[in-house]
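Below are the chains, spelled out letter by letter.
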Amino acid sequence: DAKTTQPTSMDCAEGRAANLPCNHSTISGNEYVYWYRQIHSQGPQYIIHGLKNNETNEMASLIITEDRKSSTLILPHATLRDTAVYYCIVSDSGTYKYIFGTGTRLKVLA
Amino acid sequence: GAGVSQSPSNKVTEKGKDVELRCDPISGHTALYWYRQSLGQGLEFLIYFQGNSAPDKSGLPSDRFSAERTGGSVSTLTIQRTQQEDSAVYLCASSSYIRTDEAFFGQGTRLTVV
């Protein structure tokens, strides 16, 4: 079973920040938080991952709470092409066995 | 190639027939994974290869499923005596030895068993 809980769906206006929450209250000390997204009919795409510090890359920012029980993926300026299912996963670093839940279906509205 | 390539992209087969699904990982990637995704569901882990070895086959749903990898590159997932519940999108991913945290996924093979 997935170790994460995410809202089923969210809407976001184009150009606004999209904030996608994830709860992972049973995360253990050596587990990272990973985010992937899946655009319709494509394979999942890696976005970002982190352990306890906030992370930022060219795609997104990841904010992890101090107790590590939850995190938020931020797409700073959402575009229509960001419409996808976003998966939050917790797993040991470098592991292969990602357990994907059902994710959050983000719809960016024009 | 630039990305993970899977073939065929679509496969329709009759119940009871065997099918082979192929995955060409990114050149130089030592790790290769197979997942499947049923309609409206998340991804289900099937098997993992490191080089040509499969240290974890725990996700294979039954003994009708098998996979091999040769030359540390191409992998084939074989499903024998297909059943309707095998219908799904089968996804392959690979990652490098250096950046094991980022897995690159192929487009998948959509298998339909009729």
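Presented here is a report on the structure given in the accompanying data block. (Residues numbered from 1 in each chain as written. Chains lettered and ligands numbered in written order. Predicted model: local features only at pLDDT ≥ 70, side-chain atom pairs only at ≥ 80, totals over all residues. Heavy atoms only, no water.)

The calculated volume of the largest pocket comes to roughly 830 Å³. At the level of elements, strand E8 (84-92) and strand E9 (104-109) of chain A together with strand E9 (88-95) and strand E11 (109-113) of chain B are the ones that each hand at least two residues to the lining of the largest pocket. With 4 residues, the top contributor of residues to the lining of the largest pocket is E11 of chain B. A class-by-class count of the residues in the lining of the largest pocket yields 11 nonpolar, 25 polar and 3 charged. (1 Å grid on protein atoms, 1.4 Å probe; cavity = no way out; pocket = protein on both sides within 12 Å on 5 of 7 lines; lining within 4 Å. Points joined across faces, edges and corners; volume = space filled by probe spheres on them. Helix = DSSP H or I, 4+ residues; strand = E, 2+ residues; numbered from the N terminus. Nonpolar A, V, L, I, M, F, W, Y, C, P; charged D, E, K, R; others polar.)

As for its placement among the helices and strands, Thr65 of chain A is situated in the loop between strand E6 (61-64) and strand E7 (70-75). Engagement of the side chain of Thr65 of chain A in a polar contact is seen with the side chain of Asp67 of chain A, the distance being 2.8 Å. (Polar contact = N/O pair within 3.5 Å; in protein donor to acceptor, adjacent residues only side chain to side chain.)

Facing 18 residues of chain A, the contacting portion of chain B comprises 19 residues. For the pairing of chain A and chain B, the buried interface totals around 1,600 Å² over both sides, and the portion due to carbon and sulfur atoms is 52%. Run the count over chain A and chain B and you get 0 salt bridges. Counting the contacts that link chain A with chain B gives 3 residue pairs in polar contact (both at pLDDT 80 or more). Elements that contribute at least two residues to the side of chain A that touches chain B include exactly strand E3 (31-38) and strand E4 (45-50) of chain A. Tallying contributions element by element places E3 of chain A first for the side of chain A that touches chain B, with 3 residues. (Contact = heavy atoms within 4.5 Å. Buried area = accessible area lost by both parts, 1.4 Å probe. Salt bridge = Lys/Arg side-chain N within 4 Å of Asp/Glu carboxyl O.)

Residues and elements named next belong to chain B. Along E11, the buried face is formed by Thr109, Leu111 and Val113; none of Arg110 and Thr112, which line the opposite face, is buried. Note: strand E2 (residues 10-13) against E11, 4 bridges, orientation parallel. Its bridge partner being in E11, Thr13 is matched across the sheet by Val113. Pairing of E9 with E11, which is carried by 3 bridges, proceeds in the antiparallel orientation. The partner of Ala88 across the bridge, within E11, is Leu111. (Buried < 20%, exposed > 50% of the residue type's maximum accessible area, 1.4 Å probe, protein only. Pairing = 2+ DSSP bridges.)

Residue and element names in this part refer to chain B. With antiparallel pairing, 4 strands are arranged side by side in an open sheet as E1-E3-E8-E7. Taken across any chain shown, the strands that pair with only one partner, and hence form the sheet edges, are strand E1 (5-7) and strand E7 (65-69). Neighbour to neighbour, the strand axes of the sheet diverge by 15 degrees on average, direction disregarded. Two elements, E1 and strand E3 (residues 19-24), share 3 bridges in a ladder whose sense is antiparallel. Paired with Gln6 across the strands is Cys23, a residue of E3. (Axes fitted to C-alpha atoms, helices over the stretch in contact; angles between N-to-C directions.)

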